[in-house]
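# Coordinates in review
Listed here are the chains, written in short residue letters.
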Amino acid sequence: MSATLPDRPPSLLARLALFALLWLVLAGTDPLSWIIGVPAVLLATYAAARLSTLVGADPRPLRLLAFGPFFVWESILGGLDVARRVLSPRLHIAPALVSYRLRLKDPAARVVFIDAVSLLPGTLSADFRDGVAEVHALDGDAPVVPGLNRLERQVARLFGERLDGEPEVSIRPCPTGGATGGSDAAPSAGANHV
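Here we summarise the structure given alongside this text. (Residues numbered from 1 in each chain as written. Predicted model: local features only at pLDDT ≥ 70, side-chain atom pairs only at ≥ 80, totals over all residues. Heavy atoms only, no water.)

## A short note on helix 5 (residues 144–159)
With 16 residues, helix 5 should cover 22 Å at 1.5 Å per step; its first-to-last C-alpha distance of 23 Å lies within 8% of that length. Where helix 5 is concerned, the buried positions are Val 144, Gly 147, Leu 148, Asn 149, Leu 151, Glu 152, Gln 154, Val 155, Ala 156, Leu 158 and Phe 159. Directly after helix 5, the chain includes Gly 160, whose backbone phi takes a positive value near 70°. (Helix = DSSP H or I, 4+ residues; strand = E, 2+ residues; numbered from the N terminus. Expected span 1.5 Å × (residues − 1). Buried < 20%, exposed > 50% of the residue type's maximum accessible area, 1.4 Å probe, protein only.)

In structure tokens form, the structure reads like this:
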């Protein structure tokens, strides 16, 4: 496979602008930071364009900007949820494994979904096999499935995919140890953890 870049200049320019904006956010407005920033932005733009030709999928750059607020909001909600549980006098934890069959077809979109699951309140991606994501939830009674469904729709929009039907979902409680509902017991034999 040749090391060619996509022949879509607007896509390259959008990537360049996105990485430059990211550098500006991370490094601030100091002009000297661009001594490292310019090569880093150019290298990131090249790598992202090259990887998108190898994988065959490419998130739409403008939709990536729209995905940002969703990502930040869900990250804040996730942090607040965990903090509330930890600081609560009565630690409410009812761990469960949620099996969620993805409707996303594109491999890159599936990777983004699996990586982003952990930003949802009280969730952690545990495994992914044969199109089924295993998600560990701190509270199986919480609205985990609507959150996964919303995330899948956001990722589908990011990659320009259309989702058909409803996802197949099953929820299995995890064994818990002790009276506080802590999850210090060993995982069930059927669960595959990464």
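Let's pick the thread back up.
## Some words on the packing of aromatic side chains
Evaluation of the coordinates by the stated rule reveals one aromatic pair. Residues Tyr 100 and Phe 113 carry aromatic rings whose centres are separated by 5.8 Å and whose planes lie at 15° to one another, so their mutual orientation is stacked. In this pair, Tyr 100 is assigned in strand 1 (residues 96–101) and Phe 113 in helix 4 (residues 107–116), connecting sequence segments 13 residues apart. Considered together, Tyr 100 and Phe 113 belong to a single accessibility category, that of buried residues. (Phe/Tyr/Trp six-rings, centres within 6.5 Å; stacked < 30°, edge-to-face > 60°.)

## Structural notes on the pattern of salt bridges
Counted by the stated rule, this structure contains six salt bridges. Measuring nitrogen to oxygen at the nearest pair gives 3.2 Å for the salt bridge that ties Glu 74 to Arg 150. With Glu 74 in helix 3 (residues 61–87) and Arg 150 in helix 5, this pair connects stretches of sequence that are 76 residues apart. Note that Arg 101 and Glu 168 form a salt bridge whose closest N and O atoms lie 3.7 Å from each other. Taken as a pair, Arg 101 in strand 1 and Glu 168 in the loop between helix 5 and strand 4 (169–173) lie far apart in primary sequence, 67 residues in all. Residue class for Glu 168 comes out exposed when judged on its relative accessible area of 54%. (Salt bridge = Lys/Arg side-chain N within 4 Å of Asp/Glu carboxyl O.)

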